[in-house]
Amino acid sequence: MSGEYLYALVISQLSRRFECCINKALEDMNLTQSQLRVLLCIYENEVNGGGRLFQKDIERVLMLSNPAVTGIVQRLESKGLIERKVAFSDSRHKEIHTTEKSRRLAIRLGELRREHEKMLMDGISDEEKAVLCRCLDRMLDNCLNFESSFDAETAGGLVLFFG
């Protein structure tokens, strides 16, 4: 390839194409990739004994805005996949839990995620995967360090510019 390789652009394109593949596979379950991420975040927290989970925790872990998580949580609740319960420690907060319906679905969703990861990594050796993991981890660290050097308003603008 002649000229400068645009890493951020390629990563963004890969992310968007992967999201389209996931959304297509989720159509028959009436879910989106965004809903899947939130649902699996809640499920994995419960399975791994992570304790109480609130909306703010999901926002932090998935790096999503409050309005985005609010909408996703409302849609998942209306589909009967999660439930919100008033926290005993503070009635202003609601804990978020999976339902029996979503726990049954989680096994299928985990399989779907593994299938798509396999498709994504097809033809890439274990050595290449290890290098890729190190590079992606370093790139994420670089972004986090860069973002922390600015105030939240400036960093948010950078995300919009590059995203």
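This text follows the structure it describes.
A brief structural summary. Keep in mind that what you see is a predicted model, and the values were worked out from it rather than measured.

1. As for helix H2 (residues 33-47)
Because each turn of an α-helix spans 3.6 residues, side chains separated by three or four positions end up pointing in the same direction. With 15 residues, H2 should reach 21 Å at 1.5 Å per residue; the first-to-last C-alpha distance of 20 Å fits that figure. All of the buried residues in H2 are Gln33, Gln35, Leu36, Val38, Leu39, Leu40, Cys41, Ile42 and Asn45. Buried positions along H2 lie against helix H1 (7-26), helix H3 (55-62), helix H4 (66-78), strand S1 (82-86), strand S2 (94-98) and helix H5 (100-120). In the segment just after H2, glycine 49 is the residue with positive phi, at about 65°.

2. Some thoughts on the nonpolar core
One finds Leu26, Leu31, Val38, Ile58, Leu76 and Leu109 to be the most contacted residues of the largest nonpolar core, which totals 24 residues. Those elements that place two or more of their residues in this core are H1, H2, H3, H4 and H5. The biggest single contributor to this core is H2, with six residues.

3. Some words on the environment of serine 78
By the secondary structure assignment, serine 78 is in helix H4. On the basis of relative accessibility, which here comes to 62%, the residue serine 78 falls in the exposed class.

4. Description of the side chain of glutamine 35
Mapped onto the elements of the fold, glutamine 35 is located in helix H2. Residue classification places glutamine 35 among the buried residues on the basis of a relative accessible area of 4%. If we skip the residues at most four places from it in the chain, glutamine 35 touches Asn30, Ile72, Arg75, Leu76 and Lys79.

5. Let's talk about the packing of H2 against H3
Two elements in contact, H2 and H3, have axes separated by 11 Å at closest approach and are oriented at 115°. By the angle between their directions, the pair H2 and H3 is classed as roughly perpendicular. Read as a crossing pair, H2 and H3 show a hand that is right-handed. From H2, Arg37, Val38, Cys41 and Ile42 reach across to H3, where they touch Ile58, Val61 and Leu62. Per-class residue counts for the contact of H2 with H3 are six nonpolar, no polar and one charged.

6. Considering the pattern of salt bridges
Evaluation of the coordinates by the stated rule reveals ten salt bridges. Residue arginine 60 pairs with aspartate 57 through a salt bridge whose shortest N-O separation is 3.8 Å. Of this pair, arginine 60 and aspartate 57 are both found in helix H3, three residues apart, which corresponds to roughly one turn of the helix. On the basis of relative accessibility, which here comes to 21%, the residue aspartate 57 falls in the partly exposed class. Where arginine 84 meets glutamate 77, a salt bridge forms, and the shortest distance between an N and an O atom there is 2.6 Å. You can call arginine 84 partly exposed: its relative accessible area is 27%. Counted as one network, the salt bridges with shared partners bring together Glu100, Arg103 and Arg104.

Reading guide: rules and limits
Residues numbered from 1 in each chain as written. Predicted model: local features only at pLDDT ≥ 70, side-chain atom pairs only at ≥ 80, totals over all residues. Heavy atoms only, no water. Helix = DSSP H or I, 4+ residues; strand = E, 2+ residues; numbered from the N terminus. Expected span 1.5 Å × (residues − 1). Buried < 20%, exposed > 50% of the residue type's maximum accessible area, 1.4 Å probe, protein only. Contact = heavy atoms within 4.5 Å. Core = buried A, V, L, I, M, F, W, Y, C linked by side-chain atoms within 4.5 Å. Axes fitted to C-alpha atoms, helices over the stretch in contact; angles between N-to-C directions. Parallel < 35°, antiparallel > 145°, perpendicular 65-115°, else oblique. Left-handed = near helix turned anticlockwise from the far one by under 90°. Nonpolar A, V, L, I, M, F, W, Y, C, P; charged D, E, K, R; others polar. Salt bridge = Lys/Arg side-chain N within 4 Å of Asp/Glu carboxyl O.

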